[in-house]
Amino acid sequence: MVQYFECIKNVYADDITSQDIQRLIGEFFTNGASPKTIRNRIGFLISVLETAVDKKFRLTFPKKAPYKHNVPTDEDLKLLIDNADGELKLAIMLSAFCTLRRGEICALKGSDIRDGKVYVHADMVHVQGKEWLYKPIPKTTQSIRSVDVPPSVLALIPDVGADEFIFTIK
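In short, a report on the structure. Every residue gets a number counted from 1 within its own chain, in the order that chain's sequence is written. The predicted origin of the model limits local features to residues at a pLDDT of at least 70 and limits the giving and counting of side-chain atom pairs to 80 or more, whereas totals for whole chains, interfaces and linings rest on all residues. Note: side-chain values were computed over all heavy atoms of the structure, leaving out hydrogens and water.

Pairs of cysteine sulfur atoms within 2.5 Å are what we label disulfides. Summed over the entire model, instances satisfying the criterion amount to zero disulfides. Cys106 supplies the cysteine sulfur nearest to Cys98, a cysteine that is in no disulfide, at a spacing of 15 Å. The buried label goes to any residue with under 20% of its type's maximum accessible area, the exposed label to any with over 50%, and the partly exposed label to all in between, with areas taken from a 1.4 Å probe on protein chains only. In this structure Cys98 comes out as buried when scored by relative accessible area, which is 1%.

In C-alpha cells form, the structure reads like this:
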C-alpha cells in the first residue's frame, strides 16, 4: 500500500492531519479509484496512524456507487431462450417469468410443483471448499412463496419423484 501514500511518506505520523488525509481521498477519487478502493486504502492508513499516534481522524468518504442492475431486454431474453435447451432453458424461463433466484431454482424438487404453481421454500447454496448444500429453509421467511407458472414453462418441467431434484446442473 505504500505506493499510494507517496505524498505523506516523509511526514511524521504525528503531523498528519485530517485535512491531509481528506486531500488524499480527493486525489484518489479524482484519479478514478472507486469508493470501496478509497475506503480500503484510507482504512489501512488510519489503522497504522492510530496505532502510531494517539489521534482520531474525522473524514468524509465518497458515496458508494449504487448497484446498477443489468436487466436484459426482451430481445436479450428471447435470444437466451432460443439458444438454450434442456435444463438451462427451463432455468432461464423460471428466472425470467417466475422471478426465481438461482438457488431457489436449483433447490426445486418434484413435490414443489403442484396445481400450476411452484412452491418456493428452499435454497441451494455453494459452500466454499464443498459442493452445493441444500437448505430446506431460505435465508428469509419472505422468500417462502408460491408462484404461478405459465403453461409453456410447466410443459418443460420434467416428471421427477417427490424427493428428486428437478435440476441436475448446479
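Having seen the structure, we can now continue with the description.
Let us look at helix H2 (residues 35–52). Counted at 1.5 Å a residue, the expected span for H2 with its 18 residues is 26 Å, and the 25 Å between its end C-alpha atoms agrees. Listed in full, the buried residues belonging to H2 are Pro35, Ile38, Arg41, Ile42, Leu45, Ile46 and Leu49. Angularly, the buried residues of H2 cover 130 degrees about the axis, an arc narrow enough to put them on a single face. Residues of H2 that are exposed and angled more than 90 degrees away from the buried face: Lys36 and Thr51. In this text, helices come from DSSP runs of H or I with a minimum length of four residues, and strands from runs of E with a minimum of two, each type numbered from the N-terminal end. Multiplying one less than the number of residues by 1.5 Å gives the expected span of a helix. The arc in question is the one traced by the directions running from the helix axis out to the C-beta atoms.

Pairing of aromatic rings covers Phe, Tyr and the six-membered ring of Trp, with a centre-to-centre limit of 6.5 Å; geometry is then stacked below 30 degrees between planes, edge-to-face above 60, and tilted otherwise. Using the criterion set out here, one finds three aromatic pairs in the structure. Here Phe5 and Phe28 contribute two aromatic rings whose centre-to-centre distance is 6.2 Å and whose plane-to-plane angle is 65 degrees, an arrangement assigned as edge-to-face. Here Phe5 is found in the segment before helix H1 (18–30), whereas its partner Phe28 is found in helix H1, with 23 residues between them in sequence. Take Phe5: its relative accessible area is 7%, and that puts it in the buried class. Classification of Phe28 as buried rests on a relative accessible area of 7%. An angle of 65 degrees between the planes, with centres 5.4 Å apart, marks the rings of Tyr134 and Phe165 as edge-to-face. In this pair, Tyr134 is assigned in strand E4 (residues 132–135) and Phe165 in the segment after helix H6 (151–154), connecting sequence segments 31 residues apart. For Tyr134, a relative accessible area of 24% translates into the label partly exposed. Phe165 gets classed as partly exposed once you look at its relative accessible area, which sits at 30%. Linked through ring pairs, Tyr4, Phe5 and Phe28 together constitute an aromatic cluster. Whether a charge sits over a ring depends on NZ of Lys or CZ of Arg being within 6 Å of the ring centre and within 35 degrees of the ring normal. Looking at Arg41, its charged tip hangs above the ring of Tyr4, at a distance of 3.6 Å from the centre.

None of the figures reported here should be taken as evidence of function without further support.
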